[in-house]
Amino acid sequence: MKIVDLKILAKHENEYVALSPENSNILAAGKTIKELENKLEQLQAKNATIQYIGPLDKFLSPLCL
């Protein structure tokens, strides 16, 4: 199982993201949960995992970047 790369997730800093059921790709992203839900409705995506990607300088050590 391939998991989304940290560098790809970093592009969505301070956003909500919806991941595929296998956590292998990002289906949609939005600044608010409502914006993300609207995008998922348009895509008719089911079983997505929603996560918030916070500010990277607060959540990750510089070694991870």
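Residues numbered from 1 in each chain as written. Predicted model: local features only at pLDDT ≥ 70, side-chain atom pairs only at ≥ 80, totals over all residues. Heavy atoms only, no water.

Some remarks on the overall build of the protein
Stage number 1. When its secondary structure is counted, the protein shows 3 helices and 3 strands.
Stage number 2. In the protein, the order of α-helices and β-strands from amino to carboxyl end is α-β-β-α-β-α.
Stage number 3. Expressed as a percentage of its 65 residues, the buried residues of the protein come to 25%.
Stage number 4. Within the protein, contacts between residues separated by at least 24 positions form 35% of all contacts whose residues are at least 6 apart in sequence.
Stage number 5. Carbon and sulfur atoms provide 54% of the accessible area of the protein, an area that totals close to 4,800 Å². (Helix = DSSP H or I, 4+ residues; strand = E, 2+ residues; numbered from the N terminus. Buried < 20%, exposed > 50% of the residue type's maximum accessible area, 1.4 Å probe, protein only. Contact = heavy atoms within 4.5 Å. Areas by Shrake-Rupley, 256 points an atom, 1.4 Å probe, with all protein chains shown as cover.)

Comments concerning the sheet that holds strand β3 (residues 49–53)
Stage number 1. One open sheet accounts for 3 strands, arranged β2-β1-β3; its pairing is antiparallel. Strands with a single pairing partner mark the edges of an open sheet, and in this sheet they are β2 (26–30) and β3. The sheet shows a mean angle of 25 degrees between the axes of neighbouring strands, taken without regard to direction.
Stage number 2. Sheet topology places strand β1 (residues 15–19) next to β3; 5 bridges connect them, and they run antiparallel. Bridge pairing in β3 places Glu 15 opposite Ile 53. (Pairing = 2+ DSSP bridges. Axes fitted to C-alpha atoms, helices over the stretch in contact; angles between N-to-C directions.)

What about the pattern of salt bridges?
Stage number 1. As enumerated under the stated definition, the model contains 1 salt bridge in all.
Stage number 2. For Lys 39, the salt bridge goes to Glu 35, with nearest N and O atoms at 3.5 Å. With Lys 39 and Glu 35 both in helix α2 (residues 33–43) and 4 residues apart, this pair spans about one turn of that helix.
Stage number 3. Accessibility expressed as a relative area gives 31% for Glu 35, which makes it partly exposed. (Salt bridge = Lys/Arg side-chain N within 4 Å of Asp/Glu carboxyl O.)

Focus: the nonpolar core
Stage number 1. Core analysis: the biggest nonpolar cluster contains 7 residues, these being Val 4, Leu 9, Val 17, Leu 19, Ala 29, Ile 53 and Leu 56.
Stage number 2. Contacts of Val 4, omitting those with residues within four sequence positions, involve Leu 9, Leu 19, Asn 23, Ser 24, Asn 25 and Ile 26. (Core = buried A, V, L, I, M, F, W, Y, C linked by side-chain atoms within 4.5 Å.)

Things to note about unusual backbone geometry
Stage number 1. Although it is not a glycine, Gln 44 adopts a positive phi angle of roughly 55 degrees.
Stage number 2. In this structure, Gln 44 sits in the loop between α2 and β3.
Stage number 3. The residue Asn 47 is not glycine, and still its phi comes out positive at about 60 degrees.
Stage number 4. Tracing the sequence through the fold places Asn 47 in the loop between α2 and β3.

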